[in-house]
Amino acid sequence: MLTRCLIVTSILTLTVALRAAEPASTNDYSAVEAIFNKHCLDCHAAQDPEGKLVLESFETLMKGGENGPVIVPSKSAESRLVRMIEGQLENKDGKKLIMPPGKRKKLEAAEIANIKAWIDGGAKPPAEGEPGLVQLVVPKITPKVPPRRAIKALAYAAGPKLIAAARYGEVELRSADNHAVVRTLSGHRGSVNALVFSSDGKELFAAAGEPGLFGEVRQWNVADGTLVRTFEGHRDALYSVALSPDGKILATGSYDQKIKLWNAASGEELKTLSGHNGAIFDLAFRPDGKILASASGDRTVKLWDVATGARRDTLAQSLKELYSLAFSPDGQRLVAGGVDNRIRVWQISEKADETTNPILYSKFAHEGTILKIVFSSDGKTLLSSAEDRTVKLWDAAEVTERFVLEAQSDWAPALAFASENKTVVVGRLDGTLGFYDAGTAKPLPPAKPEVARIEPRGIQRGVTARIKLIGSNLTALNEVKFANSKVKGELVRDLKADEKEAWINVTSPPDLARDSYEFSVTNPDGESGKVKLHVDDLPQIYESDSTNRVATLPVSFWGTINKTGDVDQFNFEASGGQTIVFDLAGKNIGSKINGVLTLADSKGIVLAADSGFDGGDPLLAFRLPATGRYTVRINDLLLAASEDHFFRVSVGQFPYVTGFYPLSVAAKTKSEIELIGYNLPLPAKIAVSAEKSGDMDLPLKPDEYRMRRALKVLVSDTIELAESEPNDLANHATHITAPCAVSGRIWTMSGGPSSDVDIYQFDAKAGQTWIIETQAAQRGSPIDTKIEVLHQDGRPVERLLLQAVRDSHVTFRGIDSTSTDCRVENWEEMELNQYLYLQGEVVKLFRAPQGPDSGFLF
């Protein structure tokens, strides 16, 4: 039967194609594990498992429950697990038992067949090296600025004199003598959050993982950097790791609220310790190895018997979450700290039983959340860091403040003592390392220079400019290295430099392309990180010399919102009737600013304002009503401020391209592209000759047009059509024949209706599966598209029927493309794999909230 359909859509490009489904693989443990994850883990997770049967891994499955083994390899009919899921067993009252119990959805026939096939095939374990974990698949997005490689943890090995620094996906091993990188241990999945060396320094254990998916510890041979083994088993990222003093037992703590004990020599899981109601943020073995202490987001420290796994005591004096703890070297004291800003000290008894571990001190230590606490190896000194960017040294005996280190450039979640307790090492979230004399708290010069920022951040091409470098260890610079050979940098020797400041002269040719150019500086001990210098063709005005100055357009103005509530402004004169473009660059040049741009006349009357164009920095084009003086003001939308809240606003009557139409053209043809923007020469069209499918750069000369991004047109092998206006009504629909691509745009023509809807008509047969895809935002368009598929008479074609089963609402924040979870009301009544209608989308409940500070994952 041939049916005629209508598509009503806010659309720029529509692609139609057909897709065939592929059958899933069966008769393997990964398929069985997926079934368990879907139906069974609510009752059979390691924490309080029903019938003592844990289905989290192959090993726990084969171990069975309180009634013995549940799997008989090669004999599914005799396996208790199969008999339970098929309802073949009865309780003592003669009532049939079937799993999952109650009104929960039972396993489908295909799922039961998968389990039987795996058992009859020998109940084989997963292949060696197979992680058995959900894989996180995300689009690859190239950052526009160099990411800050945060340091999350530090560890020191006295034997080889090495400092380990944990970053995202890797661990750096540095020499404690000269601080140079000796080796990098790469391949970790997710952020490395905790480190521990073996007592002899020959092995390093690094804990990492992907939030909500899995946790892992990688064991490394320090001498040659080879991977010894990987410990896997947690269902969330790891935040803590500890090694028993004899090196035989490894303890891991995760956001999944579980602690696992492992055989460090074989990788075998020994025990799972359950009892915390929050993430496990730190672990520490008592020096005798008999007691393990854990700090958690549930505001408690727990003491565990390592031999039996029994909980000995819960220390619940903390008022808020605990992030760090440490045993004194003699094992008699335990210190901990966290969100309530206090350091607490307990006296720990020999057996650590309840009521035998009195608190000795509770001292207000920092003005912010305590991030890390460590003991010196001789037990005489405590070292602590906090969110107020302070690091302090304490006399351990009485917990009295000894020194406060200099103000840190960022939070310091990583601390360590090195070189026989003579050196304090500080790792920060901005990726920098600090080295200090433990006896004086004064900084020690590291091995290479560090450049935190430059002033000014931008220059005009063809003009020699003097740049000030701000950072540390800048006294012995010997070279400036630009990645582009056309840009030259020379050290200024006639100005006295110090540890934190130096100057260079930069020259560039007049025809250099407008862009950002990376450079670094070196000294005899190494090279700094890359810093970006932004080069433009416009004259540059800087905040320091703009007071009462009236600029002549075109010009670029640089400023920094470095005080809360700060508003930067500059004045310019222009003629009436001109369309002036105001282009603020902040986020796209690495700034933290959420900029707001405001235009006012000479009387202070606001004429126009913008706080973001297409999800990015503000872009404003305004036709001036009269000749005269005008003022541009810039502030931060959230009233935030710092040296990292800098901006550049380019102002002038220059040609500015914001987009083009159509977004796609056919291959092996000549097409005409219309440019969209401001002050464009007429006709604003360019010709393109497309040869092969893929993205093709529009042939625009950079010096003739300004734009925010490289404009790329999609070249397609399919038939390319275009909308034909008017097509706002069904009887005026643009007819298309699939497969094809259609270009259209939502706009209001002069004298036309106030809104626009594009309608397309196509023929389809009953039973066909159609893919209708809009490409808009991913091609640079600001539109948020919506598709409706209608019958010829205008009735919607049903795709999903929803029926509400309970009332709920968002309690904290909604879900969007950057949120990882969402908190909703009545979540306790919801079950995994149910559906939730949330903000216009249907989502499946993937994981329940894990504590007071988490929500549902979808």
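Residues numbered from 1 in each chain as written. Predicted model: local features only at pLDDT ≥ 70, side-chain atom pairs only at ≥ 80, totals over all residues. Heavy atoms only, no water.

Caption draft 1: Seen up close, the overall build of the chain. Across its full length, the chain carries four helices and 63 strands. C-alpha extents for the chain along the principal axes are approximately 85 × 85 × 50 Å. Sorting the 858 residues of the chain into buried and exposed places 47% on the buried side. Within the chain, contacts between residues separated by at least 24 positions form 52% of all contacts whose residues are at least 6 apart in sequence. Put simply, the chain shows about 42,300 Å² of open surface, and 50% of that area lies on carbon and sulfur atoms. On the chain, the mean spot of the 99 positive side-chain charges and the mean spot of the 112 negative ones are 1 Å from each other. (Helix = DSSP H or I, 4+ residues; strand = E, 2+ residues; numbered from the N terminus. Buried < 20%, exposed > 50% of the residue type's maximum accessible area, 1.4 Å probe, protein only. Contact = heavy atoms within 4.5 Å. Areas by Shrake-Rupley, 256 points an atom, 1.4 Å probe, with all protein chains shown as cover. Lys, Arg positive; Asp, Glu negative; His and termini not counted. Charge placed at Lys NZ, Arg CZ, Asp CG, Glu CD.)

Caption draft 2: Representation of the pairing of strand S15 (residues 269-273) in the model. The pairing of strand S14 (residues 259-263) with S15 spans four bridges and is classified as antiparallel. Bridge assignment links Trp-262 to a residue of S15, and that residue is Glu-269. Connecting S14 to the next strand, S15, in antiparallel fashion are five residues, including Gly-267 with a positive phi near 85 degrees. (Pairing = 2+ DSSP bridges.)

Caption draft 3: View of unusual backbone geometry. In the segment running from Glu-455 into Pro-456, the intervening peptide bond is cis, with an omega of -5 degrees. Along the polypeptide, Pro-456 turns up in the loop between strand S31 (450-455) and strand S32 (458-460). For the bond running from Leu-553 to Pro-554, omega is 0 degrees, close enough to zero to count as cis. Note that Pro-554 resides in the loop between strand S41 (550-552) and strand S42 (555-560). At Asn-341, a position not held by glycine, the phi torsion is positive, near 70 degrees. By the secondary structure assignment, Asn-341 is in the loop between strand S21 (333-338) and strand S22 (342-347). The class for Asn-341 is buried, based on a relative accessible area of 13%. For Asn-833, which is not glycine, the phi torsion reads 70 degrees and is therefore positive. Examined against the element boundaries, Asn-833 turns out to sit in the loop between strand S61 (786-791) and strand S62 (835-838).

Caption draft 4: Structural context of the sheet that holds strand S44 (residues 579-585). A sheet is described by the order of its strands in space; here five strands give the open sequence S40-S42-S49-S44-S47, paired in mixed fashion. Looking at which strands have only one partner, the edges of the open sheet turn out to be strand S40 (540-542) and strand S47 (619-623). For this sheet the average axis-to-axis angle between neighbouring strands, irrespective of direction, equals 20 degrees. One ladder, built from three bridges, connects S40 with S42; its direction is parallel. Paired with Gln-540 across the bridge in S42 is Ser-556. (Axes fitted to C-alpha atoms, helices over the stretch in contact; angles between N-to-C directions.)

Caption draft 5: Main features of the packing of aromatic side chains. One pass over the full model with this rule turns up 14 aromatic pairs. Measuring from ring centre to ring centre gives 6.3 Å for Phe-205 and Phe-231, while their planes differ by 50 degrees; the resulting arrangement is tilted. Of this pair, Phe-205 sits in strand S9 (residues 203-210) while Phe-231 is found in strand S11 (residues 227-232), placing the two residues 26 residues apart along the sequence. In this structure, Phe-205 and Phe-231 share a single accessibility class: buried. A ring pair is formed by Phe-231 and Trp-262, whose centres lie 5.7 Å apart and whose planes are at 75 degrees; its orientation type is edge-to-face. Taken together, the residues span a long stretch of sequence, with Phe-231 in strand S11 and Trp-262 in strand S14 at a distance of 31 residues. In terms of burial, Phe-231 and Trp-262 fall into one category: buried. Taken together, the ring pairs in this structure connect Tyr-239, Tyr-255, Phe-281 and Tyr-323 into an aromatic cluster. Across the ring face of Phe-646, the terminal group of Arg-457 is positioned such that the distance to the ring centre comes to 3.7 Å. (Phe/Tyr/Trp six-rings, centres within 6.5 Å; stacked < 30°, edge-to-face > 60°. Lys NZ or Arg CZ within 6 Å of the ring centre and 35° of its normal.)

Caption draft 6: Examining the sheet that holds strand S54 (residues 694-697) more closely. On the basis of which strands lie adjacent, the open sheet formed by three strands has the order S51-S55-S54 and mixed pairing. Looking at which strands have only one partner, the edges of the open sheet turn out to be strand S51 (664-666) and S54. The sheet shows a mean angle of 40 degrees between the axes of neighbouring strands, taken without regard to direction. With four bridges connecting them, S54 and strand S55 (residues 712-716) associate as antiparallel partners. From the neighbouring strand, Asp-697 faces S55, where its bridge partner is Lys-712.

Caption draft 7: Quick look at the pattern of salt bridges. What the rule picks out here adds up to 39 salt bridges. Glu-354 is paired through a salt bridge with Arg-311; the nearest N and O atoms lie 3.4 Å apart. A residue pair is termed long-range when its members are at least 10 positions apart, and Glu-354 in the loop between S22 and strand S23 (359-364) and Arg-311 in strand S19 (residues 311-315) qualify at 43 residues. For Glu-501, the salt bridge is made with Lys-468, and the minimal N-O distance between the two is 3.1 Å. With Glu-501 in strand S36 (residues 501-507) and Lys-468 in strand S33 (residues 465-472), the pair connects residues that are 33 residues apart, well separated along the chain. (Salt bridge = Lys/Arg side-chain N within 4 Å of Asp/Glu carboxyl O.)

Caption draft 8: Just helix H1 (residues 29-39), in detail. Taken together, the buried positions of H1 are occupied by Tyr-29, Ala-31, Val-32, Glu-33, Ile-35, Phe-36 and His-39. Where H1 is buried, its residues contact helix H2 (58-63), helix H3 (80-85) and helix H4 (109-120).

Caption draft 9: Layout of a nonpolar patch on the surface. Residues Leu-800, Leu-802, Tyr-835, Tyr-837 and Val-842 make up a contiguous nonpolar surface patch of roughly 570 Å² in combined accessible area. Overall, the relative accessible area of 56% leaves Leu-800 in the exposed class. (Patch = residues over 30% accessible without salt bridge, like charges linked within 9 Å, V, L, I, M, F, W, Y side chains within 5 Å.)

Caption draft 10: Main features of the packing of H1 against H4. Two elements in contact, H1 and H4, have axes separated by 9 Å at closest approach and are oriented at 135 degrees. One element, H1, and the other, H4, form an angle in the oblique class. When you trace H1 past H4, the crossing you get is left-handed. Mapping the contact onto sequence places Tyr-29, Ala-31, Val-32, Ile-35, Phe-36, Lys-38 and His-39 in H1 and Glu-111, Asn-114, Ile-115 and Trp-118 in H4. (Parallel < 35°, antiparallel > 145°, perpendicular 65-115°, else oblique. Left-handed = near helix turned anticlockwise from the far one by under 90°.)

Caption draft 11: Structural detail: the confidence of the model for the chain. Confidence along the chain averages 88 in pLDDT terms, with 92% of residues attaining 70 or more. Ranking the elements of the chain by mean pLDDT puts strand S2 (residues 13-17) last with 32 and strand S24 (residues 370-375) first with 98. Throughout residues 1-26 the model reports pLDDT below 50, and contacts reaching past four residues in sequence, or to other chains, amount to 101 contacts. Across residues 129-133, confidence stays below pLDDT 50; counting only partners more than four residues off in sequence or on other chains, it has eight contacts. (pLDDT = per-residue confidence, 0-100.)

Caption draft 12: Region of the structure containing the nonpolar core. Judged by nonpolar contacts, the single largest core of 23 residues is most densely connected at Phe-570, Phe-572, Phe-582, Leu-599, Val-632, Phe-647 and Val-649. Secondary-structure elements contributing two or more residues to this core are S42, strand S43 (568-574), S44, strand S45 (595-601), strand S48 (628-636) and strand S49 (646-652). Excluding anything up to four places from it in sequence, Phe-570 contacts Ala-551, Val-555, Phe-557, Tyr-630, Thr-631, Val-632, Val-649 and Val-651. (Core = buried A, V, L, I, M, F, W, Y, C linked by side-chain atoms within 4.5 Å.)

Caption draft 13: Structural view of the environment of Val-657. Mapping Val-657 onto the fold places it in strand S50 (residues 656-661). Exposure remark for Val-657: the relative accessible area of 2% places this residue in the buried category. Discounting chain neighbours no more than four positions away, the residues touching Val-657 are Leu-675, Ile-676, Gly-677, Leu-680, Tyr-705, Arg-706, Met-707 and Leu-711.

Caption draft 14: Representation of the side chain of His-645 within the structure. Along the chain, His-645 turns up in the loop between S48 and S49. There is a polar contact of 2.7 Å between the side chain of His-645 and the side chain of Ser-642. Filtering out sequence-adjacent residues up to four positions away, His-645 remains in contact with Gly-559, Thr-560, Ile-561, Ser-591, Lys-592, Ile-593, Asp-636 and Ala-640. (Polar contact = N/O pair within 3.5 Å; in protein donor to acceptor, adjacent residues only side chain to side chain.)

Caption draft 15: Examining the side chain of Glu-172 more closely. Its place among the elements puts Glu-172 in strand S6 (residues 162-175). Overall, the relative accessible area of 6% leaves Glu-172 in the buried class. A distance of 3.1 Å separates a polar atom in the side chain of Glu-172 from a polar atom in the side chain of Arg-167. Setting aside anything within four residues of it in sequence, one finds Glu-172 in contact with Arg-149, Ile-163, Ala-164, Ala-165, Arg-167, Val-181, Arg-183 and Thr-184.

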